[in-house]
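# An overview of the molecular structure
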Amino acid sequence: MPSLLPLFNACWLHSLLLGLLFTMAHLSAAEIKWSQFDSPSRGLVAAIGSYANGCLSGAQALPLKGEGFQVIRTTRNRFYGHPQLVSFIETFAKQTQLMGMDDLLIGDISMARGGNFEFGHSSHQIGLDADIWFRQAEQQLSEQARENPQALDLVDRQNFSVNQYWQTQHAEMIRLAALSPEVARIFVNPAIKQQLCTMTWADPSWLNKVRPWWGHSLHMHVRLTCPTDDALCQNQQAPPLGTGCDELDWWKLQMTAANNAKQRSAQVKPRPKPKVMKVKPEQCIRLLSQTE
């Protein structure tokens, strides 16, 4: 009877090689900078993975200027998105223009193939997130103003409230976006959420989508739900029922404590937090291998 040892050794070696190739692929994916791609991938459109750990196939570039909007910081090359998001921005800008608002300023969306930013965000990885600034533009921005836009901060951190720059149009802008069926969440500063909660609305149910989060005093962060035909896209769990206005006491305590701590340690340089590398979906690793 022939020995099975050579066959066993061959199978073992084959499995080992496959494992090494798989590990190398994931290591290379972690080392590659997604910002090196300046063009979308070929193939089907797909948001792959989660908002904070994924990639984007077949991205579409948002025009740098359109009806009712302008893209800022274009040299970052972060104006790519899922076609559904591009369509949302174009439609939303037309709606705000009809309401008498000036041009919306569109900040970060995603890179040409999604993936991790080198700085600025942990999300925005699958082309379904967009930062829409609270400052608007009355006219076409110069190249210098476009690349170095003047921000409009709406929050008084000392008093956990909006400041003198807050206008009713900011509330209308947030409400209009939240009423869009494809919008899953809108992240704003907790003080802005509090302001919205103090206002009178015929139907306040849309406030459920407006979620308080750190920062977000210069812009609102709009996040769309996963497209129904993107099987690899991972939605977040739906927000709790209700308007969320009852959560704000907790946020006030947290932000007051954080603000006081920041003032006490203003001269102390904080230690950088270690980065945790997440394993990308296998489809994202394939995306890295496409040269065009």
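Everything below is about the structure shown above.
Bear in mind the structure is a predicted one, so any value in this text is a computation, not a measurement. (Residues numbered from 1 in each chain as written. Predicted model: local features only at pLDDT ≥ 70, side-chain atom pairs only at ≥ 80, totals over all residues. Heavy atoms only, no water.)

### Let's talk about the sheet that holds strand β12 (residues 210-212)
Stated formally: Only strands joined by at least two bridges in the DSSP assignment are considered to pair. Numbering of helices and strands runs from the N terminus; a helix is a DSSP stretch of H or I covering at least four residues, while a strand is a stretch of E covering at least two. Any pair of residues with heavy atoms lying within 4.5 Å of one another is described as a contacting pair. Note on geometry: axes are C-alpha line fits, over the in-contact stretch for helices, and angles between N-to-C directions span 0 to 180 degrees.
Across the sheet, which stays open at both edges, the seven strands sit in the order β4-β5-β7-β8-β13-β11-β12 with mixed pairing between neighbours. Strand pairing shows two members of the sheet lacking a second neighbour, β4 (65-66) and β12, which therefore form its edges. Here strand β11 (residues 183-188) runs beside β12; their pairing, made up of three bridges, is parallel. Bridging across to β12, I186 finds its partner in V210. The sheet strands contacting helix α4 (residues 168-178) are β7 (103-106), β8 (129-137), β11, β12 and β13 (219-224), and the helix crosses β8 at an angle near 155°.

### Side note on the state of the cysteines
Put simply, the rule reads: Count a disulfide wherever a pair of cysteine sulfur atoms falls within 2.5 Å. Classification of residues uses two cut-offs on accessible area relative to the type maximum, computed with a 1.4 Å probe and protein chains only: under 20% is buried, over 50% is exposed, and between them is partly exposed.
For the coordinates displayed, the defined rule picks out three disulfides. Between the sulfur atoms of C197 and its disulfide partner C245 the distance amounts to 2.0 Å. Every disulfide takes its handedness from the sign of the S-S torsion; for C197 and C245 that torsion is -85°, giving left-handed. Taken together, the residues span a long stretch of sequence, with C197 in helix α5 (residues 190-198) and C245 in the loop between β13 and α6 (248-264) at a distance of 48 residues. There is a disulfide in this structure between C226 and C233, and the S-S distance comes to 2.1 Å. Linking C226 and C233, the disulfide has an S-S dihedral of approximately -70° and is accordingly described as left-handed. Accessibility classification places C226 together with C233 in one group, the buried group.

### Quick notes on the pattern of salt bridges
Condition: By definition here, a salt bridge exists when the distance from a side-chain nitrogen of Lys or Arg to a carboxyl oxygen of Asp or Glu is within 4 Å.
Taken as a whole and judged by the stated rule, the model has ten salt bridges. Notably, a salt bridge pairs K33 with E118, separated by 3.9 Å at the nearest N-O pair. Of this pair, K33 sits in the loop between α1 (5-31) and β1 (46-50) while E118 sits in the loop between β7 and β8, and the two are 85 residues apart along the sequence. By relative accessible area, E118 is classed as partly exposed at 43%. Here D103 and K65 are joined by a salt bridge, their closest N and O atoms 3.1 Å apart. Remark: K65 occurs in strand β4 and D103 occurs in strand β7; sequence separation between them is 38 residues. One salt-bridge network, in which partners are shared between bridges, spans R76, R78 and D108.

### Let's talk about the nonpolar core
Condition: By nonpolar core is meant a set of buried Ala, Val, Leu, Ile, Met, Phe, Trp, Tyr and Cys residues that side-chain atoms within 4.5 Å join together.
Within the largest apolar cluster, 54 residues are counted, with the highest numbers of intra-cluster contacts made by I174, I192, L196 and M220. Excluding its chain neighbours within four sequence positions, the residues that come into contact with L196 are W166, A171, I174, W201, W206, L207 and V210. The next biggest cluster of nonpolar side chains, apart from the first, holds ten residues, and it includes A46, F117, C284 and L287.

### Quick word on unusual backbone geometry
Positioned with a positive phi, H124 is a non-glycine residue whose angle comes to about 60°. Checked against the element boundaries, H124 lands in the loop between β7 and β8. Phi at F160 takes a positive value of approximately 50°, unusual for a residue other than glycine. Checked against the element boundaries, F160 lands in the loop between β9 (155-156) and β10 (161-162).

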